[in-house]
Structures are given as structure tokens and as C-alpha cells.
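Fold and contact review
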Amino acid sequence: MNGLGFSLLSLSLSLSTFLIKLTSSFHSLPQSTSHPSLSLSLSQKSKNTEAAWRVNDACRKHGFFLVVNHGVDPRLIKKAHESVDSFFRMQLSTKQRAQRKPGEHWGYASSFTGRFSSKLPWKETLSFRYSADGQSSESVEKYFSNVMGEDFREFGETCQEYCEATSNLSLGIMELLGTSLGVGRSHFREFFEGNDSIMRLNYYPPCQKPDQTLGTGPHCDPTSLTILHQDEVSGLQVFVDGKWYSVSPNPDTFVVNIGDTFMALSNGIYKSCLHRAVVNDQAVRKSLAFFLCPRRDKVVTPPSQLVDRQDSRRIYPDFTWPTFLEFTQKHYRADTKTLDAFSDWLRERSN
Ligand SMILES: O=C(O)CCC(=O)C(=O)O
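Note that the coordinates shown come from a computational prediction; the quantities given were computed from them, not determined experimentally.

Cut-offs and rules
- Residues numbered from 1 in each chain as written.
- Predicted model: local features only at pLDDT ≥ 70, side-chain atom pairs only at ≥ 80, totals over all residues.
- Helix = DSSP H or I, 4+ residues; strand = E, 2+ residues; numbered from the N terminus.
- Contact = placed C-beta atoms within 7 Å.
- Core = buried A, V, L, I, M, F, W, Y, C linked by C-beta atoms within 7 Å.
- Buried ≥ 20, exposed ≤ 12 C-beta atoms within 10 Å, placed from the backbone.
- Near = placed C-beta within 6 Å.
- Nonpolar A, V, L, I, M, F, W, Y, C, P; charged D, E, K, R; others polar.
- Arc of directions from axis to C-beta.
- Axes fitted to C-alpha atoms, helices over the stretch in contact; angles between N-to-C directions.
- Parallel < 35°, antiparallel > 145°, perpendicular 65-115°, else oblique.
- pLDDT = per-residue confidence, 0-100.
- Pairing = 2+ DSSP bridges.
- Left-handed = near helix turned anticlockwise from the far one by under 90°.

Here we look at the overall build of the protein
Each helix and strand in the protein was counted, giving 9 helices and 16 strands. Sequence-distant contacts in the protein: of pairs separated by 6 or more residues, those separated by 24 or more amount to 72%.

A word on the nonpolar core
Membership of the largest hydrophobic core comes to 83 residues, with the highest contact counts inside it found for Val55 and Val256. Tallying contributions element by element places helix 5 (residues 153–180) first for this core, with 10 residues.

Points about the site of the ligand
Near the ligand, the surroundings consist of Arg200, Asn202, Thr216, Asp221, Leu228, Gln230, Gly235, Leu236, His275, Ala277, Ser287 and Ala289. Listing elements by their share of the shell around the ligand, those giving two or more residues are strand 7 (196–204), strand 9 (225–230), strand 13 (275–277) and strand 14 (285–292). Split by residue class, the shell around the ligand holds 4 nonpolar, 6 polar and 2 charged.

Quick notes on helix 4 (residues 140–148)
Here helix 4 has its buried residues at Val140, Tyr143, Phe144 and Met148. What you see down the axis of helix 4 is that its buried residues fit within an arc of 90 degrees, all on one side. Looking at the buried side of helix 4, the elements it contacts are strand 6 (124–131) and helix 5.

Comments concerning the environment of Gln208
Summarising the element assignment, Gln208 is placed in the loop between strand 7 and strand 8 (216–219). Between the alpha carbons of Gln208 and Val279 there is a distance of 9.5 Å; along the sequence they are 71 residues apart.

A short note on the environment of Ala341
Summarising the element assignment, Ala341 is placed in helix 9 (residues 338–350). In this structure the C-alpha to C-alpha distance between Ala341 and Thr328, which are 13 residues apart in sequence, comes to 9.9 Å.

Concerning helix 8 (residues 321–331)
Looking only at helix 8, the buried set comprises Trp321, Phe324 and Thr328. Here the buried residues of helix 8 occupy an arc of 70 degrees about the axis, which is enough to place them on one side. Facing away from the buried surface of helix 8 by more than 90 degrees, the exposed residues are Lys330 and His331. Contacts from the buried residues of helix 8 go to helix 7 (260–265), strand 15 (299–300), strand 16 (319–320) and helix 9.

What about unusual backbone geometry?
Unlike most non-glycine residues, Asp241 shows phi in positive territory, near 50 degrees. Mapped onto the elements of the fold, Asp241 is located in the loop between strand 10 (236–240) and strand 11 (243–246). With a phi close to 55 degrees, Asn267 is a non-glycine residue in the positive phi region. Among the secondary structure elements, Asn267 is positioned in the loop between helix 7 and strand 13. Classification of Asn267 as buried rests on a count of 21 C-beta atoms within 10 Å.

Things to note about the packing of helix 8 against helix 9
With their axes 11 Å apart at the nearest point, helix 8 and helix 9 run at an angle of 100 degrees to one another. Accordingly, the angle class assigned to the pair helix 8 and helix 9 is roughly perpendicular. Within the contact between the two elements, helix 8 uses Phe324, Phe327, Thr328 and His331 and helix 9 uses Thr338, Phe342 and Trp345. Class assignment for the residues of the contact of helix 8 with helix 9 results in 4 nonpolar, 3 polar and no charged.

So, the confidence of the model for the protein
Residues with a pLDDT of 70 or more make up 82% of the protein, whose mean pLDDT is 84. Note on residues 27–46: pLDDT is under 50 here. Beyond four places in sequence and across chains, it has 32 contacts.

Examining the pairing of strand 9
Most of strand 9 is tucked away, with 6 of its 6 residues classed as buried. Residues Leu225, Ile227 and His229 line one face of strand 9 and the alternating positions Thr226, Leu228 and Gln230 line the opposite face, and both faces are buried. Note: strand 9 against strand 12 (residues 254–258), 4 bridges, orientation antiparallel. Looking across to strand 12, one finds that Ile227 is bridged to Val256. Of the pairings in the sheet, the one linking strand 9 to strand 14 comprises 6 bridges and is antiparallel in character.

Let's talk about the packing of helix 4 against helix 5
As a packed pair, helix 4 and helix 5 sit with axes 7 Å apart at the nearest point and diverge in direction by 155 degrees. With respect to each other, helix 4 and helix 5 are oriented roughly antiparallel. The way helix 4 lies across helix 5 gives a crossing that is right-handed. Residues Val140, Glu141, Tyr143, Phe144 and Ser145 of helix 4 form the contact with helix 5, whose own contacting residues are Arg153, Phe155, Gly156, Glu157, Cys159, Gln160 and Cys163.

Examining the environment of Ile258
Looking at where Ile258 falls in the secondary structure, it is placed in strand 12. Separated by 195 residues in sequence, Ile258 and Gly63 have C-alpha atoms that sit 5.0 Å apart. Those residues in contact with Ile258 that lie beyond four places of it in its chain are Cys59, Gly63, Leu225, Met263, Tyr270, Lys271, Ser272 and Cys273.

Quick look at the structure:
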């Protein structure tokens, strides 16, 4: 435990294809001291058990941890950040070729209005779909050359490659989550194979009055698992034990958080992490968020081992991801209570 009462984790484990080192650290606000992490050297056999135990603890409490030694090529991460930077520095009219239209899930959006409001996010975003289904005719590359023009094929290729890498990483993390919940390594990995996910590129310009707005307001992700990479400018904060803590950027680290759909898959055992992003008056900030989502036809239902135990009951009704996505687009803006509101809505609909 550190001085703030949070456990700091750093451990290595071997999954089928990755060597993942997990770290869970918090930096208290307004202090920005960094804490030494506890490094554990574990034998091959005990590595998985120890990692699973650590992850279980973090996900039951707040649903957030950091991953290093993740196997994603640092050159790809750097290239992705550079491409994102070039995209957002383009003229508005160019970016607007990908303008997100009302009711659509994908495209470019900006929420600048020329006035300050605590309700409006201070950012530009570019969101697109990534399908890990080998049969899908859709690709990120195709999306960009279609909506932006042939000049954007290379940008699309980089985004496609980045999504493939983070999708693979998220499947590795799913093995660990399965082990940590005692349902076996393959359960959640298989569930998310062929995933139909979302990538969002966030760009936060400097803001003259950073205390009067937020880059991204407080919310839990409705998706399943988020793999976020921040540039060198801090801004991400997570809410733990009634306080906001900033998560310092580190180029070698992915920030991973549980989303509402995985909370439902774990029958409420793992918590969807409440987080937000603040802005500053000095520098542009970027973050790349890969949101793992199930294939559209998969029914989100917890494995029986997480329901059948004595006094256990189902917390959330079955649903499919497209229904939940539609709910967050048409009926409810994601906040801290999205999954509860969605569950009530589903139950009302079925009565
Ligand atoms: O920019 C960040 O660090 C957080 C972004 C985020 O929460 C989101 O895109 O949903």
C-alpha cells in the first residue's frame, strides 16, 4: 500500500502470446508525486495466479489498471499518434469530410461552441468501427478512403494496424480476466473473438479557462474493455473511493478499464470505472481509445459460475451490444448510471 492507501501492482505474466506486466498506480490530486511500484518476480506457474489475484482486486474495487510489456510495437504507437496529430491539425473543412451526422456512430465531431460550459466537452473526436471478424468486408482503411478520399488510405492503414494490435491485446487481457473470475482462461477470449469494436481518437486543444470545462465529462464506458494510450500530456482522471486521481501518462503503458458491458458479463462483480479527462491552457492533449465490444449477435450474459453460487442472482438482464449502443445514442447520454438505466429500460420494454 502506498501513502494514499492504494495498492501498487507491478507483475509479469505469460499469456498465450503476450508478456504483460500490470501496474496499478494512482496519483493523488492536486499532488503529482509518483509512487514507486512494487515489482514481483514470479515463477512461471505462480505468475498467472498472482496476476489474476491482483487484477481481481483492482477490478472489484474500481475497474482500472495499467499494462506495460504489452507486446504492441512502440513504433506503431508513435506512428498512430503522429497520424492523429496530423489529422486534427488539418483544416476544419477537410476534417468535416468525415463529419458525424445525427444518429450515426462514426465520424468526426467537435463540440466547440465559443462559450464555456461544464456540460460540453472541450475536444474534437474521430470515431470509427473496427471489426475483428475475418469475414467482414468492412475495414478501417476502406472507411477512410471512402469518406475522406484516397489520400487518407495510409492514415486508414495505420489506424487498422493499431486496432488489430489493441484488439489482440484486449483478447490477451480477456484471458486474464477469465482466470481472475474463475471461469477459465478461454471463456471471455472466445466471447470476444471476431469483436465489433470502436476506436475513438481524442484531441483536446488548450483551453484558456481549463477550470470551467472538461475535456470529457465523468462517465463509465458502456463498452466492454477500454485500452487507452495517452500522449505525454496528462489529463485522464479516475474516480476511486470518492476522489479523483490523475493517471500520469507513460509512453510504455496502456491504461485499461472495465466498461459497463463487462460489468454485466461478470454479473456486477467487476466495476465499470468512472473516469473523465481535464484540459489545460498550455498544450494540446491526445488520447487513443480502443473500446472492445462483442460481435453484434452475441448475447451478453454472465457465465453460470458467476450466477449459480449460493445467494447469487442475476443483476442485469441479457442484452446484445447493438441494443445497448442504440440506448446510449438515442435515449441516454453515458454517465455513471448508464447500465442501471439501460437495465430498467429493457425490463420496462419486456413488460
Ligand atoms: O482522453 C482520455 O484520457 C479519456 C477519454 C475517454 O474517456 C473517452 O474517450 O471515453
